[in-house]
Amino acid sequence: MGSRRNGLTKESFILSVDVGTTSIRCHVYDKEARIRGSCTSKVVPLYPEVGHVEMDPDALWEGFITVVKGAVQDAGVQMCQMEALGISTQRATFTTWDRRTGVPFHNFISWQDQRAADLVKSWNRSCIMKIIHGAMKVAYFLTRDKRSLAASLIVFSTQHVTFRLIWVLAHYKQVHQAIEEGNCCFGTIDTWLLFKLTKKCRVHATDYSNASSTGIFDSYQMCWSQFLCSLVSLPLSIFPQVENTGHKFGSTDPSILGVSVPIMSVMADQQAAMFGECCFDVGDVKITMGTGTFMDINTGSKPHTSVAGLYPLVGWKIGSDVVYLAEGNAADTGTAIKWAQELELFSDVRETSDMAYSVSDSDGVCFVPSFSGLQAPLNDPRACASLMGLKPSTTKSHLVRAILESVAFRNKQLYETMLRETRIPITKIRVDGGVSSNNFVLQLTADLFGRKVIRPQHREMSSLGAAFVAGLGVGFWMTREELKKLQSADKVFLPKGAAGPGQEYNPVLQSWERALRRSMNWYKP
């Protein structure tokens, strides 16, 4: 496919931007899904008060435009050669703004923000929640409907948008006033970028993957949850229209990029990474190991109802095709490795795999990676991070090995939870994210799973996934089978050991699980 300009056919490309927690990255992709040009800008978090984590909307917008123009320039091509734009964003970070002017009422409130922690705690202990839990237990007893059982165990979280948005409505008078005047827009980063990029049309929309990640969306009914909004007094009028993931959301205003580029995909980052890994089939698993670990399994055309903390998400909706995912996460993967580096256990993160292999075991040391509590399947927000089993003989290499082992052990916990809960046969396992470059972690993960683990050459999977969806939308690529052929593996990790999955590691794993139990319920409620 090419673009005709002045009677000549020029090579065409797909533009894709990934707005992450620490950076904004833009890549220009060619037909072989090779990156032809790139540009990166840092995201600077703001901490106005203890527990508050924000981002400046204007700085984010400037960073977005900078990387788009920079990537095209780096590719040595022109903006008019861009067939489509895809956007992937971090999830559950939001702002509200004036519908008429587009001016935000406040900074973006990050998914990491804890300002609503007391509100969340209060609601989780409230009589209303006790009544809901009790009613759902009765409903489960009568119907044996697993969805009722899951509802009887549900608790609110600060990571979801719900109570941070309630906090905004209670503390910002201009937001409350704008709602009364019918002049308030709510949106996650993708929605706000769409509104800005479609300058004159002012498109107020999101896609199903982002909506399902807010905690306010009903993934079963595929709409904003009227029950939840009425329960906590959130006005439905401020929410964006939810559109297909692969959909023409509009085109960039010519005054912004010099030409009009069709915006053909908007996706949440983990779902985009799943698409970038070509995990299109039921049972396909994607593990992203970055700041945290996100393990997703394709559950097909139905959302998975979990009682162990897996979260049902819409992966994508393209045409009439809806794909659901079940997701489990461990919050402190990269965080633990960065912490070890700040303690000067090593100077370069690339040393850690060799350090772990330099000793035969961790010398009995166990590390529990729970700086932010423990997520599925233990779901204990009061757990503490800990190092146990230290001896005079313990060296830095033992400590590093214990930390890396803990990452693989948490992977095993999530994996076994997925197997037990979904009962879906696993078809393939692909990994990405910064920590996936660590050979020790991936080999141990393969050993513990007893399964082949594939690390692709592409590491920017969120950006690639958004590009793939955008490219399919304009016929740049024609089929998902074509996309699979574009994949190439950097390394395949095969399980070792004839005794079965990770059998030789059982004593170490049992010690680690004992340390885990001792770290639970450490902090007072």
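Parameters at a glance
- Residues numbered from 1 in each chain as written.
- Predicted model: local features only at pLDDT ≥ 70, side-chain atom pairs only at ≥ 80, totals over all residues.
- Heavy atoms only, no water.
- Axes fitted to C-alpha atoms, helices over the stretch in contact; angles between N-to-C directions.
- Helix = DSSP H or I, 4+ residues; strand = E, 2+ residues; numbered from the N terminus.
- Parallel < 35°, antiparallel > 145°, perpendicular 65-115°, else oblique.
- Contact = heavy atoms within 4.5 Å.
- Nonpolar A, V, L, I, M, F, W, Y, C, P; charged D, E, K, R; others polar.
- Core = buried A, V, L, I, M, F, W, Y, C linked by side-chain atoms within 4.5 Å.
- Buried < 20%, exposed > 50% of the residue type's maximum accessible area, 1.4 Å probe, protein only.
- UniProt positions renumbered as here; feature names shortened; annotations may be inferred.
- Patch = residues over 30% accessible without salt bridge, like charges linked within 9 Å, V, L, I, M, F, W, Y side chains within 5 Å.
- Areas by Shrake-Rupley, 256 points an atom, 1.4 Å probe, with all protein chains shown as cover.
- Salt bridge = Lys/Arg side-chain N within 4 Å of Asp/Glu carboxyl O.
- Pairing = 2+ DSSP bridges.
- 1 Å grid on protein atoms, 1.4 Å probe; cavity = no way out; pocket = protein on both sides within 12 Å on 5 of 7 lines; lining within 4 Å.
- Points joined across faces, edges and corners; volume = space filled by probe spheres on them.
- Domains from an automatic or database assignment.
- Polar contact = N/O pair within 3.5 Å; in protein donor to acceptor, adjacent residues only side chain to side chain.
- Expected span 1.5 Å × (residues − 1).
- Arc of directions from axis to C-beta.

**Looking at the packing of helix α5 (residues 162–171) against helix α6 (residues 173–180)**
Line of reasoning, step 1. Taken N-terminus to C-terminus, the directions of α5 and α6 make an angle of 95°; their axes are 5 Å apart at the nearest point. In this view, α5 runs roughly perpendicular relative to α6, as classed from their interaxial angle. Of α6, the residues touching α5 (which contributes Val168, Leu169 and His171) are Lys173, Val175, His176 and Ile179.
Line of reasoning, step 2. Of the residues that constitute the contact of α5 with α6, the class distribution is four nonpolar, two polar and one charged.

**Describing the nonpolar core**
Line of reasoning, step 1. Formed by 52 residues in total, the largest nonpolar core has its most connected members in Ile287, Met289, Met295 and Ile429.
Line of reasoning, step 2. Examining the composition of this core, we find that eleven residues originate from one element, helix α14 (residues 396–422), more than from any other.
Line of reasoning, step 3. If near-sequence neighbours (up to four positions away) are discounted, Met289 is found in contact with Thr333, Val407, Asn411, Val431, Asp432, Gly433, Gly434, Val435, Ser436, Val441 and Leu442.
Line of reasoning, step 4. Grouped together as the second largest cluster of nonpolar side chains are 41 residues, Val43, Met55, Ala71 and Met79 included.

**A look at the UniProt feature "domain: Carbohydrate kinase FGGY C-terminal" (unreviewed entry) in the protein**
Line of reasoning, step 1. The feature "domain: Carbohydrate kinase FGGY C-terminal" (unreviewed entry), as given by UniProt, occupies residues 286–471 in the numbering adopted here.
Line of reasoning, step 2. Across residues 286–471, helical content stands at 35% and strand content at 24%; the span's end C-alpha atoms are separated by 21 Å.

**Looking at a nonpolar patch on the surface**
Line of reasoning, step 1. Taken together, Val138, Phe141 and Leu142 make up a surface patch of nonpolar side chains, about 360 Å² in accessible area.
Line of reasoning, step 2. Relative to the assigned elements, Leu142 resides in helix α3 (residues 127–143).
Line of reasoning, step 3. Residue Leu142 is classed as exposed on the basis of its relative accessible area, which comes to 66%.

**Quick notes on the pairing of strand β4 (residues 23–29)**
Each regular strand shows side chains that alternate between the opposite faces of the sheet.
Line of reasoning, step 1. Here β4 lies mainly inside the structure; six of its seven residues are buried.
Line of reasoning, step 2. Of the strand pairs in this sheet, strand β3 (residues 13–19) and β4 are connected by six bridges, and their pairing is antiparallel. Counterpart to Ser16 in the pairing with β4 is His27.
Line of reasoning, step 3. Remark: three residues form the turn of the hairpin made by β3 and β4, two consecutive strands paired antiparallel.
Line of reasoning, step 4. Two elements, β4 and strand β5 (residues 35–42), share seven bridges in a ladder whose sense is antiparallel. The residue of β5 that forms the bridge with Ser23 is Lys42.
Line of reasoning, step 5. The turn linking β4 back onto β5 is made up of five residues, and Ala33 within it adopts a positive phi angle of 65°.

**A short note on empty space enclosed by the protein**
Line of reasoning, step 1. This structure, assessed with the given rule, holds three cavities of 30 Å³ or more.
Line of reasoning, step 2. The computed volume of the largest cavity comes to approximately 60 Å³.
Line of reasoning, step 3. Classifying every residue of the lining of the largest cavity by side-chain character gives five nonpolar, five polar and one charged.
Line of reasoning, step 4. If you add up the space inside the second largest cavity, you get close to 40 Å³.
Line of reasoning, step 5. Forming the walls of the second largest cavity are Thr293, Ala330, Asp332, Thr333, Pro369, Ser406, Val407, Arg410 and Asn411.
Line of reasoning, step 6. For the lining of the second largest cavity, a count of residues per class yields three nonpolar, four polar and two charged.

**Description of the domain arrangement of the protein**
How large an interface is tends to be reported as the accessible area lost when its parts come together.
Line of reasoning, step 1. Each domain of the protein was delimited in the assignment, giving domain 1 (13–119 + 158–277) and domain 2 (125–152).
Line of reasoning, step 2. In this structure, domain 1 and domain 2 have C-alpha centres spaced 34 Å apart.

**So, the environment of Pro104**
Line of reasoning, step 1. Structurally, Pro104 can be placed in the loop between β8 (94–98) and β9 (108–109).
Line of reasoning, step 2. In this structure the C-alpha to C-alpha distance between Pro104 and Trp192, which are 88 residues apart in sequence, comes to 9.2 Å.
Line of reasoning, step 3. Ignoring any residue separated from it by four or fewer positions in sequence, one finds Pro104 in contact with Pro57, Thr95, Thr96, Trp97 and Trp192.

**What about the side chain of Asn438?**
Line of reasoning, step 1. Locating Asn438 in the fold gives a position in the loop between β23 (428–432) and α15 (439–449).
Line of reasoning, step 2. The buried category is assigned to Asn438, whose relative accessible area is 8%.
Line of reasoning, step 3. In terms of polar contacts, Asn438 uses its side chain to reach the side chain of Thr352, at 2.8 Å.
Line of reasoning, step 4. Excluding its chain neighbours within four sequence positions, the residues that come into contact with Asn438 are Thr352, Ser353, Leu404 and Arg455.

**With respect to helix α18 (residues 506–519)**
Line of reasoning, step 1. Taking 1.5 Å per residue, 14 residues should reach 20 Å; α18 reaches 20 Å between its end C-alpha atoms and fits that length.
Line of reasoning, step 2. Among the residues of α18, those classed as buried are Leu509, Trp512, Ala515, Leu516 and Ser519. Buried positions in α18, seen along its axis, are confined to an arc of 120° and lie on one side of it. Among the exposed residues of α18, those oriented more than 90 degrees off its buried face are Pro507, Arg517 and Arg518.
Line of reasoning, step 3. Among the structural elements, β21 (366–368), β22 (386–388) and α14 are those in contact with the buried residues of α18.
Line of reasoning, step 4. Asn521 sits one or two residues past α18 and shows a positive phi near 55°.

**What about the environment of His106?**
Line of reasoning, step 1. Inspection of the secondary structure assignment puts His106 in the loop between β8 and β9.
Line of reasoning, step 2. With 82 residues separating them along the chain, His106 and Thr188 place their C-alpha atoms 13 Å apart.
Line of reasoning, step 3. With sequence-adjacent residues up to four places away left out, His106 is seen in contact with Pro57, Phe94, Thr95, Thr96, Val168, Tyr172 and Val175.

**Details of unusual backbone geometry**
The phi angle of most residues is negative, glycine excepted, and most peptide bonds adopt the trans form.
Line of reasoning, step 1. Pro377 follows Ala376 through a cis peptide bond whose omega is 5°.
Line of reasoning, step 2. Structurally, the position occupied by Pro377 is in the loop between β21 and β22.
Line of reasoning, step 3. Of note, the phi angle at Ala33 is positive, near 65°, even though the residue is not glycine.
Line of reasoning, step 4. Along the chain, the position of Ala33 falls in the loop between β4 and β5.
Line of reasoning, step 5. Taking relative accessible area as the criterion, Ala33 reaches 1% and is therefore assigned buried.
Line of reasoning, step 6. Within the chain, Ser233 stands out as a residue other than glycine whose phi angle is a positive 65°.
Line of reasoning, step 7. Residue placement: Ser233 occurs in the loop between α9 (226–232) and β14 (241–243).
Line of reasoning, step 8. Since its relative accessible area comes to 57%, Ser233 is described here as exposed.

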